Amino acid sequence: MVPGYPLVDGPMPHKRMSYAPLDRSKPYAIGHRGDAGEFPEHSSLAYLSGIKHGADFIECCDVVLTKDYVPICRHEPLLSNTTNADSVFPTKKRTYVIDGYNSTGVHAIDLTLKEIRKLRLRERLYSRSQVYNDWYPVITFEECIHFAQHAPRVVGIYPETKHPTWHDTLIKARKGKTTITDQVLYYLKKHGYGAALNTPEWLAKPVFLQSFESNNLAYARTKSQVPIIQLMDDFTVPLPDRSFPNYGAMMTSDALAKIAKYANGIGPWKETLQQTVTRTDGTQYLNSTGLVERAHAAGLQVHLYTLRNEPNYHTNTLTSIEDEYAYYFKTLGVDGGFTDFPGA
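Below, the structure is looked at part by part. The shown structure was predicted, so the numbers you read here are calculated from the model rather than taken from an experiment. (Residues numbered from 1 in each chain as written. Predicted model: local features only at pLDDT ≥ 70, side-chain atom pairs only at ≥ 80, totals over all residues. Heavy atoms only, no water.)

1. Some remarks on the packing of aromatic side chains
Tallying each qualifying case throughout the model produces 16 aromatic pairs. Judged by centre distance (5.3 Å) and plane angle (45°), the rings of Phe57 and Phe208 are tilted. Of the two residues, Phe57 is situated in strand S2 (residues 57-58) and Phe208 in the loop between helix H7 (200-204) and strand S9 (209-211); the sequence distance between them amounts to 151 residues. For Phe57, a relative accessible area of 0% gives the class buried. Centre to centre, the rings of Tyr96 and Trp166 are 5.4 Å apart; their planes meet at 85°, and the pair counts as edge-to-face. One end of the pair, Tyr96, is in strand S5 (residues 94-98); the other, Trp166, is in helix H5 (residues 164-173), with 70 residues separating them in the sequence. The class of Tyr96 is buried, set by a relative accessible area of 6%. The ring of Tyr193 has Lys205 lying over it, and the distance from NZ or CZ to the ring centre is 5.7 Å. When the ring centre of Tyr313 is taken as reference, the NZ or CZ atom of Arg308 above it lies at 4.8 Å. (Phe/Tyr/Trp six-rings, centres within 6.5 Å; stacked < 30°, edge-to-face > 60°. Helix = DSSP H or I, 4+ residues; strand = E, 2+ residues; numbered from the N terminus. Buried < 20%, exposed > 50% of the residue type's maximum accessible area, 1.4 Å probe, protein only. Lys NZ or Arg CZ within 6 Å of the ring centre and 35° of its normal.)

If you want it as structure tokens, here you go:
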């Protein structure tokens, strides 16, 4: 039985079947960490619910590595905030500096997959339901792929290499012979992913590979045809691999032309796509920052993040999720979006 199956309607097929290819006629709905608004992120429940509710892609997944370099699905290497790791392995707590910030607790890189199997997931946000805490296991990247491949229609996957510079530096220090990018590419190839964007083969097995760093994505391009999305944070945030001074420097026309040599699109934070302008009478309206237009001019798709239903995630100008959909997809012409609520 698939973990979480009793709470998700509809049986999962027992073998791969042939379905209609991915629908490209509308913006892609990308299930952020599955259906993270309803269930603990990166859980079997979240992935199956995202599939049930119509996600074109599931973010399968935020990849971190275990001590034995197995790719698993967690938003961060730190497990303390989203699992019961601190109580199961209290002696494994330690502090790492990850991309310039202290990370204290139990980390995936210090546990083998066998040890990871002892953990149970917890909801990260206290504002969301805690009812599923301590019931469901951490899943591997490969298990996540199986959810997509055994769905009752074509569902794409959208893995992210988390903190590749940090992971790779640690692997090298431990005398490892791989990288997080190589591990992800291995499992993609193993399960038949890697065709060029929009080819018949890709439409049957859609995938995008994403990262907030650029050096590992440029490396991935030399190894595979897998479509690549360059993630972008807020304007002033520095890149961990120092390939650009900050994300704002990636958003110029010249920089986007360089990105287009290894990537097929960008994944910006939605707030970098629009700016609020105040009229003389005090009323406000939204104006594009031009990033979508510049990306499209460079031949890049734009997949924004993250759309959420809760009011506290909306702005004074875009006051509802419907307002966000209308502005980003209809007005700006964004090509896809990560959402915590793919059913919306």
